[in-house]
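Spelled out from the first residue to the last, the chains are:
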Amino acid sequence: MEKHIVILPGDGIGPEVTKAAKGVLETVAAKFGHNFTFETHEIGGAAIDNQGTPLPEDTVAACRKADGILLGAVGGPKWDDLPGHMRPEKGLLGIRKQLGLFANLRPVKGFDALLHASPLKPEVVGDSDLLIVRELTGGLYFGEPSERRNNGQDVVDTLAYSRSEIERIVDQSFKSAKVRRNKLTSVDKANVLESSRMWREVVEEKKQEHPDVEVEHMLVDAAAMKLVTNPGYFDVIVTENMFGDILSDEASVLTGSLGMLPSASIRQDGLGLYEPVHGSAPDIAGQNKANPLATILSAAMMLRHSFNMSVEADEIESAVQSVLNDKYHTADLKVKDGTQVSGSELAEKVSEQMTSNDTTDDIMRCYA
Ligand code: NAD
């Protein structure tokens, strides 16, 4: 299969981790007989320095033509004092908005070798494997008006959704549940908010189309508690923008390692932007210390969600699992009796693991 991938390295450790993930994608292409082509463009601080804007037009144009987009991270102290519209983050928000990427997917899965680093007891976090599907382009963060009134004594923000915006994210969540364990928890605040009551109506309507998926509604406060008392309870969680923002950050600390968390922002036709959850880590940039696994796992998500290559995605994920089980790790991961390696060495271990697996079986599964 031929696929064109745009890489947006961004700032700080972004160039290191995207380079590492590109190497793993090349290994996948060689192993499975695909032809992946790559094109690199600037975003964030690097684009401000070289082109005077955090989101150059040629970056947007290239992303529009891509089959998938892989981003590192944006930002850093060098650009902290710039005015709001010139900040590196504007590049990221702008590209998501211009491409209409309305669904944010944040998987959280514990890795056995790292469970000791979780703030929860290993037996509580042990079997967690959940996906948060967050609505990304509507709700409170985008509602108008959002302003101060009455000489600054009153303030208003607006939580607005159209029915079609709710429908498309709910559709996406059912799609995700069906390729996982067929369980969907819709999180809202329907005892207080009218928008949540419409959200529940839509979920109830859509569930008729998916009788194989077990559906429940949960209030956001109860969901926040359940995430720390019994994270293994959840499969797919679907929720609106602000609740999703908070719950996905809460969930991200469960596994105890920021360097392991991938994410995707996608739209209905499957185009997606894939990026690690962590930032540009300026404190370790340029030292080959950055853990590339979150970006490598983001590349796996691209294969699964944008390219329909589940076998190849599984292959990357199990190679990461094996490398950790073999106790290779970067400095951010505390692995007892482990072997600390550089970021590029860790990525090479993932590629080596994939190359050493039996190719014939994988390719037969892929084309069966
Ligand atoms: P950060 O995620 O960059 O770093 C937090 C801590 O985690 C640091 O100690 C860092 O060294 C470590 N860390 C992060 N990723 C790591 C990795 N892959 N391997 C090893 N260690 C890793 O968060 P921050 O320090 O709050 O922000 C730094 C910059 O990143 C800021 O300019 C912020 O605005 C930006 N940021 C960007 C994004 C994004 O592009 N999506 C997200 C968050 C923060």
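> Tell me what's going on with the packing of aromatic side chains, and back it up with residues and numbers.
Counted according to the given criterion, the structure contains three aromatic pairs. Ring centres of F36 and F307 lie 6.0 Å apart, and the angle between their planes is 50°; this geometry places the pair in the tilted category. On the criterion of sequence distance, the pair formed by F36 in strand 2 (residues 35–40) and F307 in the loop between helix 10 (293–305) and helix 11 (310–325) is long-range, its members being 271 residues apart. Judged by relative accessible area, which is 8%, F36 ranks as buried. Judged by centre distance (6.0 Å) and plane angle (65°), the ring pair of Y161 and W199 falls under edge-to-face. Placement of the pair is Y161 in the loop between strand 7 (154–156) and helix 6 (163–178) and W199 in helix 7 (residues 194–207), with a sequence separation of 38 residues. Each member of the pair, Y161 together with W199, is buried. We note R168 situated over the ring of F102; from NZ or CZ to the ring centre the distance is 4.2 Å. K349 extends its terminal NZ or CZ atom over the ring of Y328, reaching a point 4.5 Å from the ring centre.

> Help me get a handle on the sheet that holds strand 11 (residues 262–266), residues and values and all.
Sheets are built from strands paired through backbone hydrogen bonds, the pairs being either parallel or antiparallel. Taken together, 10 strands build an open sheet; the order of strands is 2-1-3-12-11-4-5-10-8-9 and the sheet is mixed. Edge positions in the sheet fall to strand 2 and strand 9 (214–219), since each of these pairs with one other strand and no more. Each adjacent strand pair in this sheet contributes to an overall mean axis angle of 20°, direction not counted. In this sheet, strand 3 (residues 68–73) lies alongside strand 1 (residues 2–10) in parallel orientation, the contact comprising five bridges. What sits directly across from V6, in strand 3, is I69. The strands touched by helix 9 (residues 241–252) within the sheet are strand 4 (103–109), strand 5 (129–135), strand 8 (183–188) and strand 10 (236–239), with strand 5 carrying the most contacts at an inclination of about 155°.

> Provide a residue-level description of the pattern of salt bridges, including the pertinent values.
Enumeration according to the criterion identifies 24 salt bridges in this entry. A salt bridge links D235 to R181, with the nearest nitrogen and oxygen atoms 3.9 Å apart. Linking D235 in the loop between helix 8 (220–229) and strand 10 with R181 in the loop between helix 6 and strand 8, this pair joins segments that are 54 residues apart in sequence. Exposure remark for R181: the relative accessible area of 42% places this residue in the partly exposed category.

> Describe the pairing of strand 2, and please don't skip the residues or the numbers.
Here strand 1 pairs with strand 2 via six bridges, running parallel. Bridging across to strand 2, I7 finds its partner in T40. As for the winding sense of the linkage, the β-α-β connection from strand 1 through helix 1 (residues 14–32) to strand 2 is right-handed.

> Which residues make up the domain arrangement of the protein, and what are the values?
Per the domain assignment, the segments of the protein are domain 1 (1–108 + 257–368) and domain 2 (129–253). In this structure, domain 1 and domain 2 have C-alpha centres spaced 26 Å apart. Contact with domain 1, which involves 14 residues of that partner, is made by 19 residues of domain 2. Of the roughly 1,500 Å² buried between domain 1 and domain 2, counting both surfaces, carbon and sulfur atoms make up 58%. The largest share of the area that domain 1 buries against domain 2 comes from F102, R106 and V108, three residues that together contribute 45% of it. Summed over the shared surface of domain 1 and domain 2, the result is one salt bridge. For D249, the salt bridge goes to R106, with nearest N and O atoms at 3.1 Å. For the pair domain 1 and domain 2, the interface holds six residue pairs in polar contact (both at pLDDT 80 or more). Counting residues per element, the ones that place at least two in the side of domain 1 that touches domain 2 are helix 4 (88–98), strand 4 and strand 11. With six residues, strand 4 is the single largest residue contributor to the side of domain 1 that touches domain 2. Class assignment for the residues of the side of domain 1 that touches domain 2 results in eight nonpolar, three polar and three charged.

> Provide a residue-level description of helix 12 (residues 343–356), including the pertinent values.
Compared with an ideal rise of 1.5 Å per residue, which puts 14 residues at 20 Å, helix 12 spans 20 Å between its outermost C-alpha atoms and is within 8% of the ideal. The complete set of buried residues in helix 12 reads G343, L346, A347, V350, S351, Q353 and M354. Viewed along the axis of helix 12, the buried residues span an arc of 155°, placing them on a single side of the element. Pointing more than 90 degrees away from the buried face of helix 12 are the exposed residues T355 and S356. Buried residues belonging to helix 12 abut helix 1, helix 10, helix 11 and strand 13 (328–329).

> Tell me about the nonpolar core, and name the residues and values.
Core analysis: the largest hydrophobic core is formed by 61 residues, its most contacted members being F36, M260, I296, L303, I316, V320 and L324. No other element matches the eight residues that helix 10 contributes to this core. Of the residues that make up this core, three or more belong to each of domain 1 (1–108 + 257–368) and domain 2 (129–253). In contact with M260, not counting residues within four places along its chain, are F111, L114, N291, L293, A294, L297, V320, L324 and L333. Core analysis: the next-biggest nonpolar cluster, separate from the first, contains 18 residues, L130, I132, M218 and A251 among them.

What counts, and where the lines are drawn
Residues numbered from 1 in each chain as written. Predicted model: local features only at pLDDT ≥ 70, side-chain atom pairs only at ≥ 80, totals over all residues. Heavy atoms only, no water. Phe/Tyr/Trp six-rings, centres within 6.5 Å; stacked < 30°, edge-to-face > 60°. Helix = DSSP H or I, 4+ residues; strand = E, 2+ residues; numbered from the N terminus. Buried < 20%, exposed > 50% of the residue type's maximum accessible area, 1.4 Å probe, protein only. Lys NZ or Arg CZ within 6 Å of the ring centre and 35° of its normal. Pairing = 2+ DSSP bridges. Axes fitted to C-alpha atoms, helices over the stretch in contact; angles between N-to-C directions. Contact = heavy atoms within 4.5 Å. Salt bridge = Lys/Arg side-chain N within 4 Å of Asp/Glu carboxyl O. Right-handed = clockwise from strand over helix to strand, strands pointing away. Domains from an automatic or database assignment. Buried area = accessible area lost by both parts, 1.4 Å probe. Polar contact = N/O pair within 3.5 Å; in protein donor to acceptor, adjacent residues only side chain to side chain. Nonpolar A, V, L, I, M, F, W, Y, C, P; charged D, E, K, R; others polar. Expected span 1.5 Å × (residues − 1). Arc of directions from axis to C-beta. Core = buried A, V, L, I, M, F, W, Y, C linked by side-chain atoms within 4.5 Å.

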